Amino acid sequence: MEMMLPQARNRPFSRYAKWLGVALFCLPATVMAHPHSFIDMQTTLVANETSLTGLKMVWTMDEITSADLLYDAQNAKPGSDIWKKLAAEVMARVLSQHYFTDFYREGKPVKYLDLPSEYQLSRKGDQAVLEFVLPLAKPQVLEGKPMEFSTFDPSYFVDMTYKDKTALHLPPELEKRCTLALFTPKPDASLQNYALSLDKADAPPEDMDLGQQFAQKVTLECH
């Protein structure tokens, strides 16, 4: 898609994501409590025979979050200028938070390219679906130390979740030599209650890393 997008910055990314629920996904102001919005994620590895080159992500937004985007799109056909404009706006906000994704190998951050190699926004019933490819700045050799990535909103205004391990996909040629593991944290009741106590006007302390405490982690290991 040939649209102008602002460039993302490498980690560390801004942890001031309080605006996310409203500005990124047009969330109605009547919704209360954290999280305000929900995204169901799917990720497919983009790789060749020897290296990982990126992550293809599919984010399906809940119906309430999707409402304003779908209203703006009206009955526009897929691939139309309206959909391209909306996709560019949403993608720009994702880039401003560096794809909301941390990627590490041997405890060191793996950098991404500033712009996605492809992206699009579409409709699936009453839900908006954002698809994009997050390209690594340098290909990562598959063999060797495991790689780990995690996608989350630091403020936990948006819940970004893999339903289960079936939401993670390996290219067929890697299925016999690579494995993907999904770890889902189980925050204690006090932390969950704290998150639920926050309304739309609240933000957790920056040093609390609330979203990270709820964030799932994916580990890739190949031989």
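Everything below is about the structure printed above this text.
Scoring rules and cut-offs
Residues numbered from 1 in each chain as written. Predicted model: local features only at pLDDT ≥ 70, side-chain atom pairs only at ≥ 80, totals over all residues. Heavy atoms only, no water. Helix = DSSP H or I, 4+ residues; strand = E, 2+ residues; numbered from the N terminus. Buried < 20%, exposed > 50% of the residue type's maximum accessible area, 1.4 Å probe, protein only. Contact = heavy atoms within 4.5 Å. Areas by Shrake-Rupley, 256 points an atom, 1.4 Å probe, with all protein chains shown as cover. Expected span 1.5 Å × (residues − 1). Arc of directions from axis to C-beta. Polar contact = N/O pair within 3.5 Å; in protein donor to acceptor, adjacent residues only side chain to side chain. Pairing = 2+ DSSP bridges.

With respect to the overall build of the protein chain
Along the backbone of the protein chain there are five helices and eleven strands. Looking at the 223 residues of the protein chain, the share that counts as buried comes to 46%. Sequence-distant contacts in the protein chain: of pairs separated by 6 or more residues, those separated by 24 or more amount to 75%. Carbon and sulfur atoms make up 54% of the accessible area of the protein chain, which amounts to about 11,600 Å² in all.

Things to note about helix α3 (residues 81-96)
Between its first and last C-alpha atoms α3 spans 23 Å; for 16 residues at 1.5 Å apiece the expected length is 22 Å, and the two agree. Here α3 has its buried residues at Trp83, Leu86, Ala87, Ala88, Val90, Met91, Ala92, Val94 and Leu95. Among the residues trailing α3, His98 stands out with phi positive, at a value near 50°.

Structural notes on helix α2 (residues 63-73)
Side chains that are three or four residues apart share a direction in an α-helix, a result of its 3.6 residues per turn. When α2 is considered as a whole, its buried residues turn out to be Thr65, Ser66, Leu69, Leu70 and Ala73. Relative to the axis of α2, the buried residues are bounded by an arc of 115° and lie together on one face. In the core, the buried residues of α2 are packed alongside β1 (37-47), β2 (51-61), α3, β5 (118-124) and β6 (127-141). Capping the start of α2, Asp62 holds a side-chain oxygen 3.1 Å from the backbone nitrogen of Ile64, two or three residues further along.

A closer look at the pairing of β1
Of the two faces of β1, the one lined by Ser37, Ile39, Met41, Thr43, Leu45 and Ala47 is fully buried and the one lined by Phe38, Asp40, Gln42, Thr44 and Val46 carries no buried residue. As paired elements, β1 and strand β8 (residues 158-162) share five bridges and run parallel to each other. Of the residues in β8, the one forming a bridge with Ile39 is Met160. Pairing between β1 and β2: nine bridges, direction antiparallel. Its bridge partner lying in β2, Val46 is registered against Gly54. Hairpin connection from β1 to β2: three residues lie between these consecutive antiparallel strands.

What to know about unusual backbone geometry
Positive phi, normally seen in glycine, also occurs at Gln74, with a value near 50°. The residue Glu106 is not glycine, and still its phi comes out positive at about 55°. Its place among the elements puts Glu106 in the loop between β3 (101-105) and β4 (108-109). By relative accessible area, Glu106 is classed as exposed at 59%.

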